[in-house]
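# Close look at the chain arrangement
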Amino acid sequence: MGIPSELRDMFVSNRKGFLIASPAEDRKILRTKQCTSEGVRAGFKAASVACVASAVPTLAAVRMIPWAKANLNYTAQALIISAASIAAYFITADKTILECARRNAQLEDALRHNQ
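Just so it is clear, the model here is predicted, and its values are computed rather than measured.

### Details of the overall build of the chain
- Counting its secondary structure elements, the chain contains 4 helices and 0 strands.
- Reading the helices (α) and strands (β) of the chain from amino to carboxyl end gives α-α-α-α.
- Considering only intrachain contacts with a sequence separation of at least 6, the fraction spanning at least 24 residues in the chain is 76%.

And the structure:
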């Protein structure tokens, strides 16, 4: 009953939209992709630094401090290190993307007022 899924998927994937994007929309989409990739790059750098910055004291504490040696197993150590890395990634990526979007909005306003 109905349309087979292979035929339906082929029909849906080959269909193009009725609307054609304007050059301004194409530029906006390109800038959005650039902002996103810039945010990912900055987030990865921050996560790498945070990983090292949290791994060194965590691993040193487990070796030297008796409380940490008794209470922080491998899972807890990994959780501390990964939590710092994840937080650094998302905070930095978010700030970078917002700053890039703000820059693009100011550029658009400047271009709009100059015309």
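Having seen the structure, we can now continue with the description.
### Some details on the side chain of Thr96
- Here Thr96 shows up in helix H4 (residues 74–114).
- When residues no more than four places from it in sequence are discounted, the contact partners of Thr96 are Glu38, Gly39 and Ala42.

### A word on the environment of Lys28
- By the element assignment, Lys28 lies in helix H2 (residues 23–64).
- Residues Lys28 and Ala105, 77 residues apart in the sequence, show an inter-C-alpha distance of 10.0 Å.

### Some thoughts on the side chain of Thr58
- Along the chain, the position of Thr58 falls in helix H2.
- By relative accessible area, Thr58 is classed as buried at 10%.
- Here Thr58 is in contact with Gln77, Ile80 and Ile81, once residues within four sequence places are set aside.

### Quick word on the pattern of salt bridges
- This structure, assessed with the given rule, holds 3 salt bridges.
- Taking the shortest distance from any N to any O, the salt bridge between Arg31 and Glu108 comes out at 2.6 Å. Here Glu108 lies in helix H4 and Arg31 lies in helix H2, a separation of 77 residues in the sequence.
- You can call Glu108 partly exposed: its relative accessible area is 23%.
- The shortest N-O distance in the salt bridge between Glu99 and Arg103 comes to 3.2 Å. With Glu99 and Arg103 both in helix H4 and 4 residues apart, this pair spans about one turn of that helix.
- Take Glu99: its relative accessible area is 36%, and that puts it in the partly exposed class.
- The structure contains a network of salt bridges with shared partners spanning Glu38, Glu99 and Arg103.

Cut-offs used in this document
- Residues numbered from 1 in each chain as written.
- Predicted model: local features only at pLDDT ≥ 70, side-chain atom pairs only at ≥ 80, totals over all residues.
- Heavy atoms only, no water.
- Helix = DSSP H or I, 4+ residues; strand = E, 2+ residues; numbered from the N terminus.
- Contact = heavy atoms within 4.5 Å.
- Buried < 20%, exposed > 50% of the residue type's maximum accessible area, 1.4 Å probe, protein only.
- Salt bridge = Lys/Arg side-chain N within 4 Å of Asp/Glu carboxyl O.

None of the figures reported here should be taken as evidence of function without further support.
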